[in-house]
Amino acid sequence: MKSRIYWGVVILVLLLFGGLMFYVQYDLAQFRKGLKADHEEPKPDDVEVKKKEETPEEVLEQPPAQGHLHEDGTFHEDTPHVPIEIKTPSRDYTPVKVKIPEDLTDPDVKAAWERLEYIANNIWEWGGVPSHRAVELIAQLMPPPDRFSGPSGHSDAEETINLLGELAWSGDPRAAEVVATYLCEGRVGGRGPKNALVEMGVPAVPYLVPYMLDMERRPLLRSRAIEVLGQIAVRHREELGGIVEHIIIPRLEAILSEEEPDYDEGKDAREALANLK
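Now for a look at the structure at hand. Computed from a predicted model, the values in this text were never measured in an experiment.

Considerations on the packing of aromatic side chains
Thought 1: If you walk through the whole model with that rule in mind, you get zero aromatic pairs.
Thought 2: Just above the ring of Trp124 sits the side chain of Arg91; from NZ or CZ to the centre is 4.5 Å.

Things to note about the pattern of salt bridges
Thought 1: Within this structure, the stated rule accounts for 13 salt bridges.
Thought 2: A salt bridge links Arg222 to Glu265; the nearest nitrogen and oxygen atoms lie 2.7 Å apart. Here Arg222 is found in helix α10 (residues 219-235), whereas its partner Glu265 is found in helix α13 (residues 263-276), with 43 residues between them in sequence.
Thought 3: Exposure remark for Arg222: the relative accessible area of 5% places this residue in the buried category.
Thought 4: Overall, Glu265 belongs to the buried group, its relative accessible area being 1%.
Thought 5: A cluster of three or more residues bridged by salt bridges with shared partners is formed by Arg133, Glu136 and Glu166.

With respect to unusual backbone geometry
Across residues other than glycine, the phi torsion is negative in most instances, and most of the peptide bonds are trans.
Thought 1: Following Met142, the chain continues to Pro143 via a peptide bond in cis, the omega torsion being -5°.
Thought 2: When you line up the elements, Pro143 lands in the loop between α5 (132-141) and α6 (157-168).

A look at the layout of surface pockets
Unoccupied space between atoms shows up once a probe the size of one water molecule is rolled over them.
Thought 1: Estimated volume of the largest pocket: approximately 400 Å³.
Thought 2: Lys97, Lys99, Val209, Pro210 and Tyr211 are the residues nearest the centre of the largest pocket, which is lined by 18 residues in total.
Thought 3: Put simply, the parts of the chain that give the lining of the largest pocket at least two residues each are α4 (107-121), α7 (175-184) and α9 (205-213).
Thought 4: Element by element, the count of residues in the lining of the largest pocket is highest for α9, at six residues.
Thought 5: Across the lining of the largest pocket, the residue classes break down as 12 nonpolar, one polar and five charged.

Notes on the packing of α9 against helix α12 (residues 242-256)
Thought 1: The N-to-C vectors of α9 and α12 enclose an angle of 30°; their axes lie 10 Å apart at closest approach. In terms of orientation, α9 lies roughly parallel with respect to α12. The element α9 and its partner α12 pack so that their crossing is left-handed. Side by side, α9 and α12 meet where Val205, Val209, Met212 and Leu213 of the first sit next to Ile243, Ile247, Ile248 and Arg251 of the second.

Reading guide: rules and limits
Residues numbered from 1 in each chain as written. Predicted model: local features only at pLDDT ≥ 70, side-chain atom pairs only at ≥ 80, totals over all residues. Heavy atoms only, no water. Phe/Tyr/Trp six-rings, centres within 6.5 Å; stacked < 30°, edge-to-face > 60°. Lys NZ or Arg CZ within 6 Å of the ring centre and 35° of its normal. Salt bridge = Lys/Arg side-chain N within 4 Å of Asp/Glu carboxyl O. Helix = DSSP H or I, 4+ residues; strand = E, 2+ residues; numbered from the N terminus. Buried < 20%, exposed > 50% of the residue type's maximum accessible area, 1.4 Å probe, protein only. 1 Å grid on protein atoms, 1.4 Å probe; cavity = no way out; pocket = protein on both sides within 12 Å on 5 of 7 lines; lining within 4 Å. Points joined across faces, edges and corners; volume = space filled by probe spheres on them. Nonpolar A, V, L, I, M, F, W, Y, C, P; charged D, E, K, R; others polar. Axes fitted to C-alpha atoms, helices over the stretch in contact; angles between N-to-C directions. Parallel < 35°, antiparallel > 145°, perpendicular 65-115°, else oblique. Left-handed = near helix turned anticlockwise from the far one by under 90°. Contact = heavy atoms within 4.5 Å.

Okay, structure coming up:
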């Protein structure tokens, strides 16, 4: 009886030892297989599988081409911005036609008129800022309305003055023609347009000289051109060249030589001449 128990225990121990050795051999084989796989290059099929298995978190870690994350973690792709074409304001304009007298014999006087023509054709030489808005205002204000109701579209003096004021101080020398026209044709008056023309300086002179010489115009309106021209001539005498000596001053002297000059025209001519002599 005791021998049977003894042999049963021996057999059980042998079975347990055999099972343990099988497990160790199997585990060692798996370890070697994994170690070999770690040193092998992944096959294309394996790479594709990994790509398919990427989690959303892994995708978000990759920087997007264009886009941004919201506070709640959602991704928003930005719409590509199309560059806006910004057109440079045009400097185009139609110069005033300077009518040079045909009977000129003095070369200095002729040179003065040619200088006036040169200024008319080159108003940008003295600076200025072209703007789209200035072009719009010129189109609105010209031609001047008849009694503030005409093709320009504005129907009352207040609106006209507001538009004219914006244009006058725009820094665009093309405004000179418009402001001179409104002032010297009696559409507007006062210090505002006069001061604006004085600030415009040299480019305004070709538009004012014809009004100063127009003997069919009322003396009051001629006096406006004389007042402004006198102030511009004091500031820019050298740039105007012979225009001061051979066009402006002779006209002032002619007015004061009249037996009974108009009060306004005579007053402005006297003040201008005193500053230029």
